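# Structure at a glance
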Amino acid sequence: MAQHADIPAKIAVMFEGLAETLELHRRLLVLDDASARREDEVYAELAAAWKDIATRVERAASRMAQQHNLPMGAHDETAWGDEHLRAFEKFVTAQSQVLALLKVAADRDQKMLSSMTGGTP
């Protein structure tokens, strides 16, 4: 279990960064404008939600990471079924899909960050 903790730990940091970015974006809004006020409301709601999600994911990742010395208990191998395989397939497939999405997003956002800092992509 502990070997799987690094990924959600990094995801928690990513979600925290998203929440912080949304919250800081709100400072750019001119609240005399009705559309900006609506945007501010949505960004405030989303920033709070992502902050909460980040906190929960970080807690779960931390709990997973603490399990290095958890002894493996007895298992009933005859209880293994198709639902176990489907659940693990779902997990592995989603990992691959997230990896592909993150690659595209990271490349795009790295270019944007580079343009903000005057660097080259």
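Summary of the structure given here. Quick caveat, the model's predicted, so the values are computed rather than measured.

Moving on to the overall build of the protein chain. A tally of helices and strands in the protein chain yields three helices and zero strands. Start at the N end of the protein chain and walk to the C end: the helices and strands fall as α-α-α. For 121 residues, the compact-globule estimate of 2.2 N^0.38 gives 14 Å, and the C-alpha radius of gyration of the protein chain, at 20 Å, exceeds that figure by more than 25%. Dimensions along the principal axes, computed over C-alpha positions, put the protein chain at roughly 65 × 35 × 30 Å. Classification of the 121 residues of the protein chain by burial places 14% in the buried group. Sequence separation of at least 24 residues holds for 69% of the intrachain contacts in the protein chain that already meet a minimum separation of 6. About 9900 Å² of surface is accessible on the protein chain, with carbon and sulfur atoms providing 61% of the total. Placing the 14 positive and 19 negative side-chain charges of the protein chain at their respective mean positions leaves the two points 3 Å apart.

A few words on helix α1 (residues 6-26). Between its first and last C-alpha atoms α1 spans 31 Å; for 21 residues at 1.5 Å apiece the expected length is 30 Å, and the two agree. Looking only at α1, the buried set comprises P8, A12, F15, A19 and L22. Buried residues along α1 cover an arc of 90 degrees about the axis, so they all sit on one side. Seen from the buried face of α1, the exposed residues on the opposite side, beyond 90 degrees, are D6, K10, V13 and T21. As for α1, its buried residues are in contact with α2 (34-65).

Our next topic: the packing of aromatic side chains. For any pair of aromatic rings, the description consists of the separation of the ring centres together with the inter-plane angle of the planes. The final tally for this structure, using the stated rule, is two aromatic pairs. Ring geometry for F15 versus W50: centroids 4.7 Å apart, planes at 50 degrees, classification tilted. Here W50 lies in helix α2 and F15 lies in helix α1, a separation of 35 residues in the sequence. Assessed through its relative accessible area of 26%, W50 is described here as partly exposed.

Our focus in this paragraph is α2. Compared with the 46 Å implied by 1.5 Å per residue over 32 residues, the 46 Å span of α2 between its first and last C-alpha is a close match. Along α2, the positions that sit buried rather than exposed are A36, D40, A47, A54 and A61. Measuring from the side-chain oxygen of the N-cap residue of α2 to the backbone nitrogen of S35 gives 3.2 Å; that N-cap residue is D33.

About the criteria used
- Residues numbered from 1 in each chain as written.
- Predicted model: local features only at pLDDT ≥ 70, side-chain atom pairs only at ≥ 80, totals over all residues.
- Heavy atoms only, no water.
- Helix = DSSP H or I, 4+ residues; strand = E, 2+ residues; numbered from the N terminus.
- Rg over C-alpha atoms; globule rule 2.2 N^0.38 Å.
- Buried < 20%, exposed > 50% of the residue type's maximum accessible area, 1.4 Å probe, protein only.
- Contact = heavy atoms within 4.5 Å.
- Areas by Shrake-Rupley, 256 points an atom, 1.4 Å probe, with all protein chains shown as cover.
- Lys, Arg positive; Asp, Glu negative; His and termini not counted.
- Charge placed at Lys NZ, Arg CZ, Asp CG, Glu CD.
- Expected span 1.5 Å × (residues − 1).
- Arc of directions from axis to C-beta.
- Phe/Tyr/Trp six-rings, centres within 6.5 Å; stacked < 30°, edge-to-face > 60°.
- Polar contact = N/O pair within 3.5 Å; in protein donor to acceptor, adjacent residues only side chain to side chain.

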